[in-house]
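Here is what each chain is made of, one letter per residue.
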Amino acid sequence: MKKTLTFLAATTMLAAPALAEDLSVVGSWSGLPLHKQFEAPFWNETLPAASGGKINVALTTHNQMNLGVGDVFRLLGDGVYDVAMTVADYAVADAPELEGLDVPLLALTADEARAMVDAARPMVEDIYNARFNSHVLAIAPYPPQVVFCNAEINGLDDLKGKKVRGSGRMTTLFLEALGAEGVNVSFSEVPGALQKGVVDCAITGAGSGYSAGWWEVSTHLLPIPLGGWDSVVTAINLDKWNSLGADMQELIAAQVASEFEAPAWADAQGALDNDIACLTGNGECASGDKRGMTLVEVSDADFAKAREVLVSKVLPDWAERAGGDWAARWNASVGETVGVKIGG
């Protein structure tokens, strides 16, 4: 009888399905297209289905949790949740070397931006390992961070003397080098700041500005990527990652790459063209009603001036603040890809 019971117990254990892996996931801004079109469907539907029920996901976003954006990856490293995603620039107070991921004006198309991100990825992985006890799963784009102004402008020179909300420290330094005053205003507070004259202009993605109604409180759109592409990093707590079996790691990595990261990049360039059309009324708008902002054409002189400021002032400042061998690593990876070298 004892042998029979032991056998039955063993066969029951073999027959029982493995326990599902539960993942608590914190997404980026809930109201923006990246979350609604890519993050939410992937984590709520695609990954659980691909796992055959072996992965359960509980998804929220950092704004729904009322998290400070600078706390998102810090809390991830502490194990408060398993996976988190938000703009890398939000974490540069803890990791100044991370600014090298999203440098303004080096990528003018989605393909160029992805090449830059791919080159930077080994550096980004090392930064997240060391600074945030986490492993990088994906780096996806918001569209280029362009300039909304509630004042008449005809080019880059007209930003001089204006108060401009930047998107990251590099962008703020860039604005100051142009003679503008960089002002720190949170994304959700920008419409009120533009309306009340706290700022004259503000930088964000064209689609983000359209979704958030910035066209209601601004008149001119300058589509030069002064704020880079605002790369959104998706990372998993390193202890959680290491606790997963190799098969589970491979499943998550493959699904993230093919079903989340790749579609987000594929959509990025078309989204920019659509968003500019929606904001200005120039062209077809697939997102909703066309608006009437004035489109300010970017001249070759604007690009040349912006690149000169970037190379002579902004990048050397970052290299000094980042310290260590980060400038050399950047030159050998991102710099090689985009044809720019810090310090020569």
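Residues numbered from 1 in each chain as written. Predicted model: local features only at pLDDT ≥ 70, side-chain atom pairs only at ≥ 80, totals over all residues. Heavy atoms only, no water.

- Going by the annotation in an unreviewed UniProt entry, the name recorded for the chain is TRAP transporter substrate-binding protein, with Ruegeria sp. PrR005 given as the source organism.
- UniProt's Subcellular location (unreviewed entry) comment on the chain is quoted here verbatim: "Periplasm". (UniProt positions renumbered as here; feature names shortened; annotations may be inferred.)

### Section: the pattern of salt bridges
A side chain of one charge can pair with a side chain of the opposite charge when the charged atoms of the two come close.
Then comes step 1: Under the defined criterion, the tally for this structure stands at 10 salt bridges.
Then comes step 2: Among the ionic pairs, D71 bridges to R74, the shortest N-O distance being 2.4 Å.
Then comes step 3: Owing to a relative accessible area of 37%, R74 belongs among the partly exposed residues under this scheme.
Then comes step 4: A salt bridge links D317 to R321; its shortest N-O distance comes to 2.7 Å. (Salt bridge = Lys/Arg side-chain N within 4 Å of Asp/Glu carboxyl O. Buried < 20%, exposed > 50% of the residue type's maximum accessible area, 1.4 Å probe, protein only.)

### So, the sheet that holds strand β3 (residues 83-87)
Then comes step 1: Strand order across the open sheet formed by five strands is β2-β1-β3-β10-β4, with mixed pairing between neighbours. In this open sheet, the two strands that pair with only one neighbour each are β2 (55-61) and β4 (134-140). Shown here is a sheet whose adjacent strand axes are inclined to one another by a mean of 20°, direction ignored.
Then comes step 2: Bridge count between β4 and strand β10 (residues 232-237): six bridges; the pairing is antiparallel. Each residue of the ladder has a partner; that of I139, found in β10, is V233.
Then comes step 3: Running at roughly 145° to β4, helix α4 (residues 110-132) makes contact with β4 and β10 of the sheet.
Then comes step 4: Packing against the sheet, helix α9 (residues 246-280) makes contact with β1 (21-27), β2, β4 and β10, and its axis sits at approximately 25° to β4. (Pairing = 2+ DSSP bridges. Helix = DSSP H or I, 4+ residues; strand = E, 2+ residues; numbered from the N terminus. Axes fitted to C-alpha atoms, helices over the stretch in contact; angles between N-to-C directions. Contact = heavy atoms within 4.5 Å.)

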